[in-house]
Amino acid sequence: MTSLPGDCGVTLQQRASGPLCPGGSLCRLSGERRVLLLCSGAGSTCSEVPRYHRALTMASAWERKCYYSDLGKKAVFLPNLLLCEEFTKDTGYPQSLEGVLLLADVSGFTALAEKCVQQNGPERGAEELAHVLNAYMGDILEVVLAFGGDILKFAGDAVLVLWRAAPAQMPMAINVALQCSWEIQKKYGTHDTHMGLKLHLKIGISAGILSFISVTGGDHQYFFICSQALDEVIEAQSLSADYEIMMSQTCWELCGQQRIRAESIAGRRAVKVVRMMHLARQEYRDAVGQLNMYGGDWHLKGTALQRPVLRSSDDREVAARLEKHISTAVLQKLRQDVPLELCSELRPVTTLFVQLQFPDTISVAELSSSLSDSSSMISEIISPHKAEINKTLLFDKGCTFLCVFGFPGEKLACESTHALECAMQIFRRASTGLRKLRQVSVGVSSGTAFCGLTGHPERCEHTALGFKVNLACRMMMAYPGMVSCDAETHAASRLPSYCFKELPQRDMKGVTNRVTIYQYMGITEHQNDMGLARERSHYGPLLGREAEIETFDCCLEAYELLEEAQILAFVGIPGSGKSHLLAELAVLDRATKYKVNTMELTEDNMKQPFSAIRLLVARALGLQGDETSGDRQRTLQTVLQDTVEESSYCLLNDVFLVEFPITDEVSEMCSAERASVFHLTCTQVLQKVLGGKYGIFFIDNAHFLDTRSWSIMWPLLQSVTVFMVMSLVPGHDRTESIFKAAADCKTSETITCVRLEGLKASAVVQKACQDLGVSSIPRELARFLIQRSSGIPYYCEELLRYLRCNNMLLLHTGRPDEGQDDWQSLIAKASPAVTAASSSGTRNDSERICTIRPDVSLENPMLPVALKEIALAELDRINLEKQMVLKFAAIIGPVFTTQQLVHIIPSSKRHGINSLLDKLVEDNILKQLDIEKPEGKGATKRLPTSGQARSGMKRPSVSRETMQQESKILAFCTPLLWEATYKLWPTRQKINIHCQCAAFLERHAHKCRRCHEGDFVAFHRFGISSAQEQGSCQGSAEKDDWSSWEALVVAGEHLRRARTLPAEGILAEGEHTTLRAKDSGRCCQCEAIAEAVLVPLARHYTAMGNASQAFYYLLESAAAYLHVSNSSMAFMKLNEAEVLRSSLEEKRNAVDRFEEAIFFSLKGEVCRNMGCVKLARKMSRQALSLLEKHFPQSRAGAFVKSLWERLQQISQATGRASFLPQEARRKKQAWLLHRSRCLSLLQDLYSQEGTSAGQRFSRLAALMKANTDRKMDSYQAADSNAGQL
Ligand SMILES: Nc1ncnc2c1ncn2[C@@H]1O[C@H](COP(=O)(O)OP(=O)(O)OP(=O)(O)O)[C@@H](O)[C@H]1O
Ligand SMILES: [Mg+2]
C-alpha cells in the first residue's frame, strides 16, 4: 500500500503568510468552493476553523500536499479502488468485487447553468456555476468521506460512491451508506442558491456484486463499474424524488431490516426509506473501520475523513500505473509544481459527448471488449487534436464519453472544425466497426467553461463545467443516432452550410431558452475535391496592398519577358488577408490576359495523398469536380496521348481516382522501379498540362499541399513555364522550404517571398469606415482598432463586429452636437473624428458618422470569441512555467515592471523569473521596453522620457545600468494575448492578485518630486469620509521604492506613447495638440504616473468590485491629466467616473459627498479648458454647493451674498481650528481648499464674460475666495502649531 503522511497541521501557517484580501478577513481562493476564514490579526488557530473542508481552500490543500510525496498529490484524483494494486495491475478484466453503491444526483443543475449564463454572461456564468456546484458538492463529499465512502466517479452534478464489503459485512455496509445518505439529505437535501433557484438531492442505494472493467485509450486508462447493482442504483436514484432516499429491492433484502422502515413502490424493484435507527457515533466509526478494505492506515490525521494513506510513495511503477488515470492537463501541472490557482481557468472549449448504446443482452465480457475498442478508437481520433477523454460513464448498457477540446495548455486553432470532424469520424467508425452496438449519438458544443478542479480537497477531479457542457450532453440525448452541434460550433467552424442541416426543436431537460441545433453531415469527398477558391465578390475592396500588387506586377513582367517559371509566395498569419489579396490579383487586367486558374487547399488536403496534383490538373483541364471517374479518365486519355506511355496510365489511378486497366508491364515492376516510373509519369503529366501554355495558377493555403504532391511538384515548379502565386501561413514545412529557396541564390531569381504585414493605420481607418458604412470614426476608436488589431484585417473586422453586436457604437447621420453646451457634446472635441484617407475630408450633413456610446470605455479588455481562440492557441504553445508568468503579468496590465511582477507572484515561483522573462522576450511574446528606445511605429529616433524631454535634465540618482539590473519594463507584444490571458482568470482568484497590484501601486500614487508629491486632487485622502478609505489596499513601504518609481515612470511614458502615437499618425499635422497646451513648460513625471499608476489603480479597484476606490482613482487620474494640461484624457477619465457613478446610484450606493464635489469641480475645469464657459460655471457652482457653499445666480442674491461675506471678513473666528483633532482639521482644510479652487475658477470664468454683471459675480467670487483662504490659513497655522508641539 501506498502514501501520504496524514498530517494536516501545516496549513494554517502557510495560509497566514499568503496574501490577504481587502479587509483581510475573507479570502476566496482558487478552489472555488472553499471559503477560507482568515483573521487578519495574528494568533488565529486551527481551532477557530469550524470544519476541515471549510478550513482549507483547494489551493491550500494542494500546497499542503507539497509535503506529501508526488504520488500522494496524485491520489486525490483517484478513487480508493484504484489505489489497490489488484485493480490497476493489468491482470485481465472484468474483475469482481462486492459492495454497496450510492448515487447522489443534484436536480436543477442544467437550469442553474442556464440561469448563471443569463444573469452573468457566458464567462462569469460558467464561473458562478462552478462556484455554486463546488460549494454544494464539497459539503456532500465531506460527509461521504467522513463515512468512509469511496468516491468512484463524478458526473457533473452527480456522484457515485462505493463501500466495499465482504458478503458477511453487507448489512453493516448498507447501514453505513444509509446513515451517510440520511445525514446528507438532512443537512444538504435542498440548497438555496443566491440566484433564486433551489437545488435538490436525490439518492439511490443498491448492493451486490460489481464488475470492474479497465480499458486503455492511447496513454490513458479508463475504468468502468458495471453490474446489475449499477443498473439498480440508477433506477433507485431516478425513482427518488427531491430530498428522498430510495433503495433497490436487492439492497433491501440484504440489509438489517429491523433497523429500517421502508415503503415499497408499486411495480418497481425499489423501496423508499422512511425512517432508520441511527447508529451511535462510535458505532458507525467502528463499522467504517471494519469496512476498511484497503489495509493499513486510512484515517487522515487531524480530520474526520477516511482515505487510504499511501505508503510506498516512491514506487515508480505504482506512480506510472496511477498516472494513466489522471488527465494530462493535471499531470503537467503536478510535474511542474504549478500553484493551484493557475489550474482553474475560464476558457472557451469545445465539448464532445459520445453515447454508445449497447443491447440489453450484451455480456460483461462483450461489453468489456467493446468498451476497450471504443476508448482506443475515440482516443486515436481525438488525440492528434490535443483533445482528451475527460470522463467515462457507464449506465443502463449505455456508455458516455466526455471529450474536451482546448483544455488549459491544449488549445489548437480551428478547434470547432476539428471537433466536428472527430465527431463524424467517431460516429462513422462506431457505427460500422463496433461490435454489438445499438446506436451511437454525438453532441458537440462550444462556449466558455470553467476548466479546473471540482470536488473536495481530498478527492477531486479536473473537468469542464458550464452551460455549454450540459447542452452537449442534452443534445446527445435529444437527437440520438446522429452528430448534432450548437449554433456556436456551426459558426466557429466556418464550414460551408451544406455540411449542416438545421434540426427541429426538441425539449431538452433544464434548457428553457430556444437554441438552434444542427446536424453535422460531414465534409464529403466530392465537396472537398472542388477546391475552388472563393470568388472575389465575397470580399470588400482591397486596401493598403499597393506594394504587394507592385511585386506581383514585377514577377509577372519577369515571367513574360524571361518565359521562365516564377513563384510568388505571400506568407501571412491567418486573417492577414492572403485569400483576399489572391482573389484581387486574379482579376487584375494584366492577369486576365493569361489563363488564370485558382484553387484553395484545406487542412483535409494534407491527409489525402496527391490531392494537390489532382486539383491542379483538374483546374488546368477545366474539370469542376462533379464529373464521373469515366469522364475524368477520357479527358486524361486525350491529354496524355503522345506524352505518357499508355502502359503507364494505370499508375495514375490513385492520383486521379480513375480506373485505367493495370498493365502487365506495371504489375511486373519491382516497387523501386514502379516508384521511379510513377514519378516520371506524374512529372510528364504536369509538364504537359501546366507548361507550354501561358498561365497563372493561384494556390490559396499552399501550406496544406500534401507530401506526395509536394515531392513531385516542387522540383518541377522551377522548370515548367508557369507563374504560380501562392499564399501560405508561417510555421509550416512548405512555408519554410519556400523561404529557404527564396533566400538561396540558385533559386532566388524565380522565387519571391513576401511577408504580408498588418495594414497601415490609415488603411485600418479606411477599412473601419467602409465596414461600418460611415465617413468618419472617432479617434479613440481608430486608436483602439489600430492597436488591438495590429493591422490584421480579420482582427479588425472581428473587433468591429463585437462592438456593433454589443451596441457600443452609435451610427448617425449628420454632425454630432458640437455646438451644444452639454457634457456629452464635448466628446467630439476630446476624441475628434478621423476620416478615411480616400474620402474628401469635408463632411456633409447627410453622411453617416460613427461615435462611441458615451458609457463605453475602449480601455477595458474586450475580446471577440474568435480572436480569443487565436490568442489562446498561441498561449498554449508556450510552456507552463512561462504561461504562469504571463498570467500574473496580465493582471498588472499590458505593460509591467519586474518589480510589480515579483510583488504578486507566489514566493515559491520567484526564483528564475528573470530568465523566464528573457526567454519570453526572445520568443517575441513579450518585448522589453528600453528607457531610451521607446516602442511604436514611426518612433525611429531615440525619444527621452517625459521628465527628460521637458526639463532637459537627467533623472537623479539612478543610473541606467542599475535600473536595468534591478528592474525591466516589459510589455505584451500583442494586446490580444494580454487580454486573452487576463480573461482566463476566474474572478474570485484574480481579485486577490488585483489587490496586491493595487497595494504596490498605491505607494506611488502621488505627484512627482518636482511637483512636491502629494495627491493630485489636493488633500484628497483627507477630504473623504474615513470609512471609505478602509477598502484601500495599503501596501507596506519597501526599500526599493525609488527604483520602482523610476521604472513605473518609464512604463508610463511608454503607455502614453502607445496611446498617442497611432492616433497622431492618422491625424493631420498638429491636430493632436489642440487640446494640450502647446508646451506647458512642465517638466515632471506626473503624466507617466497617471498612465502607469493612477489609471491602473482605477482598473484594479474596478476589477475588485471596489467602486468607491475606483472612483477615487479615476478622479486622481483626471486631476493628474489636468495637472499636465491634457484635457482630453481628463475628460475621458471623468466620463468613466460618470459611468461608475451612475452604476453606484443604480445600486443605491451614494458617492461620498466630497468625491462628488471633486467630480464636478474637475468637470468645471475640463469644460473651461475646452471652451465651454457656461457649462464650466454650472459645474463649478454644483461643486461649490456640494462643498456646502452657495454661490448665487441672481444679481439680488449676489448683492446680499457680498454683504454677508464682508461681514464674515470682519468677524472671522480663528481660534476654533486648534481645538479640533488633526484628522478633522485636515478634512476641513481639504473642503476649504476645494471651495477656494472652485471660487477661483468662477472668478476667472465671470471675469472673462466682459459684462458688468459678470464683473460683479467675479468680484463676489474673489471675496468669497479670500474669506475661504483666510479660514484655511487659520487651519494650516493650527496644523503647524500642532506639529511643533
Ligand atoms: N487589404 C484588405 N483590405 C480590406 N479588407 C481586407 C484586406 N485583407 C483582408 N481583408 C478582409 O479581412 C478578412 C480576412 O481576410 P482573408 O480571408 O483574406 O485572410 P487570410 O489571410 O486568407 O486568412 P486565412 O489564413 O484564415 O485564410 C476578409 O473579410 C477580408 O475581406
Ligand atoms: Mg484565406
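Residues numbered from 1 in each chain as written. Chains lettered and ligands numbered in written order. Predicted model: local features only at pLDDT ≥ 70, side-chain atom pairs only at ≥ 80, totals over all residues. Heavy atoms only, no water.

1. Details of the environment of Thr643
Operational definition: Secondary structure elements follow DSSP: runs of H or I no shorter than four residues count as helices, runs of E no shorter than two count as strands, and numbering proceeds from the N terminus. Exposure classes here rest on a 1.4 Å probe applied to the protein chains alone. A residue is buried below 20% of its type maximum, exposed above 50%, and partly exposed in between. Note on contacts: a residue pair is in contact if any heavy atoms of the two residues lie within 4.5 Å.
Relative to the helices and strands, Thr643 resides in the loop between helix H22 (629-640) and helix H23 (653-656). For Thr643, a relative accessible area of 24% gives the class partly exposed. C-alpha separation for the pair Thr643 and Thr681, spaced 38 residues apart in sequence, amounts to 8.9 Å. Here Thr643 is in contact with Gln684 and Lys688, once residues within four sequence places are set aside.

2. Brief notes about a nonpolar patch on the surface
Convention followed: Residues enter patches when they are more than 30% accessible in relative terms and free of salt bridges; like-charged ones are connected within 9 Å and nonpolar ones (Val, Leu, Ile, Met, Phe, Trp, Tyr) within 5 Å. Using a 1.4 Å probe, the Shrake-Rupley method yields the accessible areas, and only the shown protein chains count as cover for residues. Any Lys or Arg side-chain nitrogen found within 4 Å of a carboxyl oxygen on Asp or Glu counts as a salt bridge.
Together, Phe1199, Val1200 and Leu1203 make up a nonpolar patch on the protein surface, roughly 320 Å² of accessible area in all. One can find Leu1203 in helix H48 (residues 1195-1211).

3. Quick look at the sheet that holds strand E29 (residues 895-897)
Let me state the cut-off plainly: Whether two strands pair depends on DSSP finding at least two bridges between them. Axes here refer to lines fitted to C-alpha atoms; in helices the fit is confined to the stretch in contact. Angles between the N-to-C directions go from 0 to 180 degrees.
Taken together, the three strands give an open sheet; going across it, the order is E29-E31-E30, and neighbouring strands pair in antiparallel fashion. Only two strands of the sheet have a single partner each, and these edge strands are E29 and strand E30 (926-928). Direction aside, neighbouring strands of the sheet carry axes that sit 30 degrees apart on average. Note that E29 and strand E31 (residues 969-972) share three bridges and pair antiparallel. Residue pairing for E31: Thr897 is matched across the bridge by Ile969. Sheet strands touched by helix H35 (residues 913-922): E29, E30 and E31. Its angle to E30, the strand with the most contacts, is close to 105 degrees.

4. Remarks on helix H27 (residues 733-743)
Defined as follows: Directions are taken from the helix axis to each C-beta atom, and the arc is the one they span.
Turning to H27, its buried residues number three or more, namely Arg734, Thr735, Ile738, Ala741 and Ala742. For H27, the arc enclosing every buried residue in end-on projection is 125 degrees, short of the 170-degree limit, so these residues lie on one face. Opposite the buried face of H27, at more than 90 degrees from it, the exposed residues are Asp733, Lys740 and Ala743. Where H27 is buried, its residues contact strand E20 (566-571), helix H26 (707-717), strand E23 (723-728) and strand E24 (751-755).

5. Remarks on the nonpolar core
Put simply, the rule reads: Remark: nonpolar core denotes a set of buried residues (Ala, Val, Leu, Ile, Met, Phe, Trp, Tyr, Cys) joined through side-chain atoms within 4.5 Å.
Counting residues in each nonpolar core, the largest one holds 89 residues, and the members touching the most others are Leu1162 and Phe1191. Considering every element that reaches this core, the biggest residue donor is helix H44 (residues 1107-1123), with twelve residues. With residues up to four places along the chain from it excluded, the contact list for Phe1191 reads Arg1181, Leu1184, Leu1239, Leu1242, Tyr1246, Phe1257, Leu1260, Ala1261 and Met1264. Core analysis: the next-biggest nonpolar cluster, separate from the first, contains 70 residues, Leu102, Leu141, Val143 and Ala173 among them.

6. So, the pairing of strand E5 (residues 158-164)
Most of E5 is tucked away, with seven of its seven residues classed as buried. Two strands pair when backbone bridges link them, and strand E3 (residues 95-107) and E5 are joined in this way by seven bridges, in the antiparallel orientation. Paired with Leu102 across the strands is Val161, a residue of E5. As judged from the five bridges shared by strand E4 (residues 150-155) and E5, these two strands associate in the antiparallel manner. Looking at the pairing, Lys153 lines up with Leu160 of E5. Turn length for the E4-E5 hairpin, with the two strands adjacent in sequence and antiparallel, is two residues, and the turn residue Gly156 shows positive phi of about 70 degrees.

7. Details of the packing of helix H6 (residues 170-188) against helix H9 (residues 281-291)
Heads up, the rule is: Note that the term roughly parallel is reserved for angles under 35 degrees, roughly antiparallel for angles over 145, roughly perpendicular for angles of 65 to 115, and oblique for everything else. Helix crossings get a hand from a simple test, with the near helix turned counterclockwise from the far one by less than a right angle marking a left-handed crossing and a clockwise turn marking a right-handed one. Gly falls in the polar group here, along with every residue not listed as nonpolar (Ala, Val, Leu, Ile, Met, Phe, Trp, Tyr, Cys, Pro) or charged (Asp, Glu, Lys, Arg).
Close contact between H6 and H9 brings their axes to 10 Å; oriented N to C, the two are set at 125 degrees. Considered as vectors, H6 and H9 are oriented oblique to each other. Helix-helix and strand crossings are classified by hand; for H6 and H9 the assignment is left-handed. Contacts from Met172, Ala173, Val176 and Gln179 of H6 reach H9 at Tyr284, Ala287, Val288, Gln290 and Leu291. Counted by class, the contact of H6 with H9 contains seven nonpolar, two polar and no charged residues.

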